[in-house]
Every structure is written in structure tokens, then in C-alpha cells.
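So you can see what is in the structure, the chains are spelled out below.
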Amino acid sequence: DAGGGGADSLEADRPLVEDDILPDRQDDVDTPDGKISAEWMLLREHPNFPLPLELEPYWQDKFDPTFDELTLFRGPIKNVKQKMSEAVGILKMKVKVYQKEQLSEEELAKGTEPQYLDMDMLKRGKRVKYEMPDIYENFPKTDIQVRVYLLKAFQVTPAKIAEVSRHDSIIRMNLGRTTWDWQHQYDVVPALNPQFYRHAVIKATLPGAARIRIRLVDVAPLEVMGLKINNPFAGEGVDVGETVIDLEDRWFCKEWREETIFKPREVRDLYNAKKPGISVGKLQLFVDAVTMVESEDVKIKNINISGRQMPLEMRLIVWNLKQVSPKEGWTSNVRVTAELVGWGSRAKETDTDMGVKQARNAMFNYRIKYKGIKYPSPDPTFPAKDFLLRVTVWSDDFLGIQPPQAIAQGLLPLGEMFTECFQRNLGKPSPDDMEIVDMKGQNDAKEADEEGLKYPTKWFKLCHPGGPGCRNNKDFRRPGYDFERNNQCQIQLTVQVMPRAKAKAVPASLGFRAGPAKLKNPNRPPQPANPIFAPDQCAAYIVYTCKECCLRCPPLRASAPDSLASRAAAGCARG
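Residues numbered from 1 in each chain as written. Predicted model: local features only at pLDDT ≥ 70, side-chain atom pairs only at ≥ 80, totals over all residues. Heavy atoms only, no water.

**A closer look at the overall build of the protein**
Counting secondary structure elements, the protein contains 14 helices and 27 strands. Counting across all 575 residues of the protein, residues that qualify as buried make up 36%. Relative to all contacts within the protein whose residues are 6 or more apart in sequence, the contacts with residues 24 or more apart total 66%. Carbon and sulfur atoms make up 52% of the accessible area of the protein, which totals about 34,700 Å². (Helix = DSSP H or I, 4+ residues; strand = E, 2+ residues; numbered from the N terminus. Buried < 20%, exposed > 50% of the residue type's maximum accessible area, 1.4 Å probe, protein only. Contact = heavy atoms within 4.5 Å. Areas by Shrake-Rupley, 256 points an atom, 1.4 Å probe, with all protein chains shown as cover.)

This is how it looks when you write it as C-alpha cells:
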């Protein structure tokens, strides 16, 4: 069959191209900790440079041929090392040097006039004669819309040393006679190292005023004797530092203007005129520009990270409690409730383990699920939504007449787990690729469900919510009280956080009910029951009571504990 294997042979003989040899391209996570973050997912297509774009070697060669610049000074330079701080302006021009053509005597005799040739082109082997340049033809006058995407400022030196912690940061821009103020569109950012993640739009005409001045300003009021007053000497705020970007170098660079779709991010130093030559902070941003005609078609990129949320699910498993302090008598009917503080949902609870003594563990193996949790919090103005889990241990009344009494309570911070889950799963569309974040266990202690899946667990000590073992005492500073030594109980927990899509792909049943990922039934001692309505439970309770009685009797335990206990239990069961 000469023709049957022709296609296979051609495919086999086809030389390997570069895409076949190289592995699949992996994104370079350039975050400080190497983990995926919301900022990286949003801006990963924009290359990140740790210095101004005009100083980066690749772009420096692209920007330089645009114009020749001459720095202007007024009078003699006082400090050569910091002369740029004394500059009063920049003169932009285009300088070309031409060489007069050398003609032979025969060409001169014929009346041929020598031409002036561009020396720069002569070095490239081309003869370009001198012509009067038209600046508006080489650099056409264009109305453009400049979009400055402000990301964050860091390593900022405080403008007021006496109030390092109090800073209300904004951005102000100047381009010729055009100004832009952050406060006209956004609220101030109360941080020394602010994270903006907003954009600014400003109009420009090039060639023309092209040096855009970006200032970081602190507008926080002064505090005198606890009262906030406006600083009369600061005007509309205190300038922390500023940076200047030349738009003409970028706009007249064809590669930056037309070929670079995702403009590079850059980190620019901020300088203050009062501290010449010293960086007072760094500002990360990237700049884009389009013509006014195209501005409506080219949409502005939304870089607001705070509005991006991920639906998550938290699963809490209450395994055991030990050393539970009884509230009345020798036993307690123990029940556990859990509540996410500030989320408006009612506290979720386990079932009740009856007759728990201090020497016996309260056994639950109970799973509680919280669905519909959005991270980050949808209401950032509410400070309580820091993902705090309030766990309370209650003692229920046997007859259900009296209200339950609190045995112990504690707050478990889970913010780091939610942040880690958000960072590790951001941008993963498939549930198969999503990850579950488990609470770090204690000494590799693990519990398993009926399917053999193990969960890391951790023991926590809980104290009484009213103080040192008394519900009426609110004095936590009582001499001699030790939270570690005087805790009211210890609880064994497992906490898992996962995306909702992952939770739907890996379902789990509530409590210890039958279903997927079912937890083992708690090995609780049998409880007393009516022999008529519940004979099996009554028989089990009699067997358990006789066995415990025989095992705890010293003479019987010393003689033959195993055989005696088994015979007693068998006899009680037959009876």
C-alpha cells in the first residue's frame, strides 16, 4: 500500500519546529512571595520593570532618537552631583549634522553643485541629501487622551515625622495648564504606603506640553491636643514627592504607541525639592495613550482589585472535647455552636452529647458548613468582617426548662486561610485545578472519615467568656489567673476553606449523616432509655453500666477484669 501511509510518513518526516520542542509556556509569577495574587492575575499581561521605563535598556534605545534634549539652568551650577535639582527647564530639538559632498574637478567644471549629506545616514551606507524638514510632517500635531494607571506607592518617607501613622494620601497631576486631582473622583487613601488601583484621564496635544508631573500628597489634618485642624502652612496638603514622565518620547515611539498592546508597568522614584537627589518613596504605575478619535472605542482598563471577589465555602469539623468543666453536679450536656462574626448569619450548632463527665471526652464528629462567603469582604467599611470564628461550648438543661449555660468560648482568626485560598485559586477555571486550604495540624494529628480520608486536626484551649471561671466576673486581670492553666475545656477542630466550585465537585454531608465524605459515628456511651419504647438502647445502657462497674471495682479488676466483665455484661444482656 504505497499511498496508505503517505500522510503518516510525511508527518513523521516533518522537522520539529520550536513549539514542538519547547514545553508549554508557564507564566512567571513575579510576586514577592512567588504566589499568585489578585494583582498578578489582573496585570500579569503587562510586563513589570523595577525602574522607570526610559531607563530600562530596551526602551531606552527606543525613546532616545525621538528628540535631542538640552537641560536649561539659571546661573552657575552650585552642586554638580545634584545639578538636575537646579534645572529650570528642558529645550527639545532635533539636531542633524550634514557633510558637504566632495566633487571631482570634472564635476565642478560641468557646473555640478555639491550637496549636503546626512552624516548619520552615511554611516549606514545611504546618501540622503539635505532638505528643509517640516516638523509637523515628521511629528504631526495630535490631540490624545492620556491614561495613567496608578497602582501603589511604597517605601514612602513620612511628610510629617511627628505623625508617622496618620497619612491621607492622594495623587495630583499637572500637564501644562491642565490639572487632575484624586479627590475629585475618589476618596483619600488613609495609608503611608497607599494602594490606589485606580486610573486618571488627562488630555494633551503633542507636540506641545508633554512633561506630566505626578505628585504624591498628604492631606491629613494636624492634631493638636486631640483636635484635628487644617494646617495653614500646608495649603492643600503636604507634597511627599513627585515624578515626571515625558509623553513625547513614548508617543512618537511607534513600537510603544502601536505595537505594544499591554503597556509595561514601571516603578518610579519620588523626589522632593527639599531633599534634592534623595528618593522619598516609589510609585508603581503604567501609562497608556490613544488619540481622541479612538478614545471611545478603546476602553479604559478596570484595575480596581477591591471589587473582585471569590465565592468560598468553609467547612468546620468538631471532633472531640476533653476536660470539660461541669456546670452542675458531675456531668454536663455538652453542645457546641460556631458563628462567623459580622456576617449576619445565625450561629450553627452540633447535636448534644449527654452526661459528659470531666474524665470523659465529649465526642461529636460533626461537620458544619458555611456557604456563600465572598472574599474579600463585600463591605470593607465594616471592620468586624475579619473572618473571625466564635466557638462556644454550652451546657444544656436536661429537661430543657432552664436556659443553657456557657462553659467556654474562644475566637479563632481565619483571615490568613481565606487569603491563602483566594491567592492559590484565583484564575483557575476548573474545579480539578482548585486547591483546598486546610488548617495546619498539631503534631500531625489526623482524624479520618468512613472513606479513609484524613483531616488535620488541632486542639484549642477555651476559657469562660465571663472571666476566670465565673460568668459574673469580668475582671480578666485578676491576680493569679492563668488562661492556659485555668481553661474550661479543650476542643479538637478541623477547618477547611475552598472555592464554591471545588466544594460542589467534592461534596460532604452535614454532621455525621449518611452521604459523601461521611464522618464516623461518635463512639458515645449509651444513654438511659425507656425499656418499653427503646429496649435496644436500654439493653446497651445496662451492658455499658455493668462493664464500667466491674472495671472500676478494684478487687474485681485485680482478679479477672476481662472475663468477669464479659460474663457480667452477657448476663445483663440475657436478662
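Let us keep going from here.
**A look at helix α10 (residues 415–425)**
When we look at burial in α10, the residues that qualify are M417, F418, C421, F422 and N425. Buried positions in α10, seen along its axis, are confined to an arc of 135° and lie on one side of it. (Arc of directions from axis to C-beta.)

**So, the pairing of strand β6 (residues 142–154)**
By the criterion of burial, β6 is predominantly enclosed, with ten of the 13 residues buried. Looking at chain direction, β6 and strand β9 (residues 195–206) are connected through ten bridges and run antiparallel. Paired with R147 across the bridge in β9 is V201. Summarising the sheet, β6 and strand β15 (residues 275–291) pair through ten bridges and their orientation is antiparallel. Along β15, the bridge assignment pairs K152 with Q284. (Pairing = 2+ DSSP bridges.)

**Examining the packing of aromatic side chains**
Two measures describe an aromatic ring pair: the distance that separates the ring centres and the angle between the ring planes. One pass over the structure, following the stated rule, counts nine aromatic pairs. On the basis of an interplanar angle of 90° and a centroid distance of 5.4 Å, the ring pair of Y58 and W59 is categorised as edge-to-face. By relative accessible area, Y58 is classed as partly exposed at 42%. Both rings, one in W182 and one in Y186, keep their centres 4.6 Å apart while their planes meet at 50°; by these two values the pair is tilted. (Phe/Tyr/Trp six-rings, centres within 6.5 Å; stacked < 30°, edge-to-face > 60°.)

**Notes on the pattern of salt bridges**
For the structure on display, the rule yields 23 salt bridges. With a closest N to O distance of 2.7 Å, R424 and E420 form a salt bridge. Of the two residues, R424 and E420 both sit in helix α10, four residues apart, roughly one turn of that helix. On the basis of relative accessibility, which here comes to 26%, the residue R424 falls in the partly exposed class. Residue classification places E420 among the partly exposed positions, given a relative accessible area of 27%. One network of salt bridges, with partners in common, ties together E54, R250, E266 and R268. (Salt bridge = Lys/Arg side-chain N within 4 Å of Asp/Glu carboxyl O.)

**Focus: a nonpolar patch on the surface**
Together, L70, L72, V88 and L91 make up an exposed nonpolar region whose accessible area comes to about 320 Å². For the nonpolar patch, the elements supplying multiple residues, two or more each, are β2 (68–73) and β3 (87–93). Along the chain, V88 falls in strand β3. (Patch = residues over 30% accessible without salt bridge, like charges linked within 9 Å, V, L, I, M, F, W, Y side chains within 5 Å.)

**Remarks on the side chain of Q145**
Mapped onto the elements, Q145 comes out in strand β6. Residue Q145 is classed as buried on the basis of its relative accessible area, which comes to 12%. A distance of 2.8 Å separates a polar atom in the side chain of Q145 from a polar atom in the side chain of R147. Dropping the residues within four chain positions of it, Q145 is found in contact with V201, I202, D288, A289, V290, M292 and S295. (Polar contact = N/O pair within 3.5 Å; in protein donor to acceptor, adjacent residues only side chain to side chain.)

**Quick look at the environment of N193**
Position of N193 among the secondary structure elements: in the loop between β8 (178–181) and β9. Setting aside its immediate chain neighbours within four residues, N193 contacts A153, F154, Q155 and V156. A polar side-chain atom of N193 sits 3.1 Å from the main-chain amide nitrogen of V156.

**Comments concerning unusual backbone geometry**
Cis geometry is found at the peptide bond from L206 to P207, where omega equals -5°. Structurally, P207 can be placed in the loop between β9 and β10 (211–218). Its identity as a non-glycine residue notwithstanding, Y197 has a phi of 55°, on the positive side. Position of Y197 relative to the elements: it lies in strand β9. The phi dihedral of A517 is positive, around 55°, even though this residue is not glycine. Position of A517 relative to the elements: it lies in the loop between α11 (500–505) and α12 (535–552). On the basis of relative accessible area, A517 is assigned to the buried category, the value being 10%.

**A look at the environment of P50**
Tracing the sequence through the fold places P50 in the loop between β1 (48–49) and α4 (57–63). Put simply, P50 and R268 are 218 residues apart on the chain and 8.0 Å apart in space, counted from C-alpha to C-alpha.

**Describing the pairing of β8**
Where strand β7 (residues 169–175) lies against β8, four bridges are found, and the strand directions are antiparallel. The residue bridging R172 from the neighbouring strand is D181, located in β8. The antiparallel hairpin formed by β7 and β8 contains two residues in its connecting segment, where G176 sits at a positive phi of about 65°.

**Structural notes on the confidence of the model for the protein**
One rule of thumb: low pLDDT means the predicted coordinates there are not for detailed reading. Chain-level statistics for the protein give a pLDDT mean of 79 and a share of 77% at 70 or above. Summarising per-element confidence for the protein, the mean pLDDT is lowest in helix α2 (residues 18–21) (38) and highest in strand β14 (residues 265–272) (94). Within the model, the stretch residues 231–235 combines pLDDT values under 50 with one contact to residues more than four positions away or in other chains. Note on residues 380–384: pLDDT under 50 across the span, and two contacts to partners over four residues away in sequence or across chains. (pLDDT = per-residue confidence, 0-100.)

**Section: the side chain of S169**
The topology assignment puts S169 in strand β7. Judged by relative accessible area, which is 2%, S169 ranks as buried. A polar contact of 2.8 Å, which involves the side chain of S169, links it to the backbone oxygen of A191. The residues touching S169, leaving out its near neighbours within four places in the chain, are V188, V189, A191, L192, P194, F196, L216 and V217.

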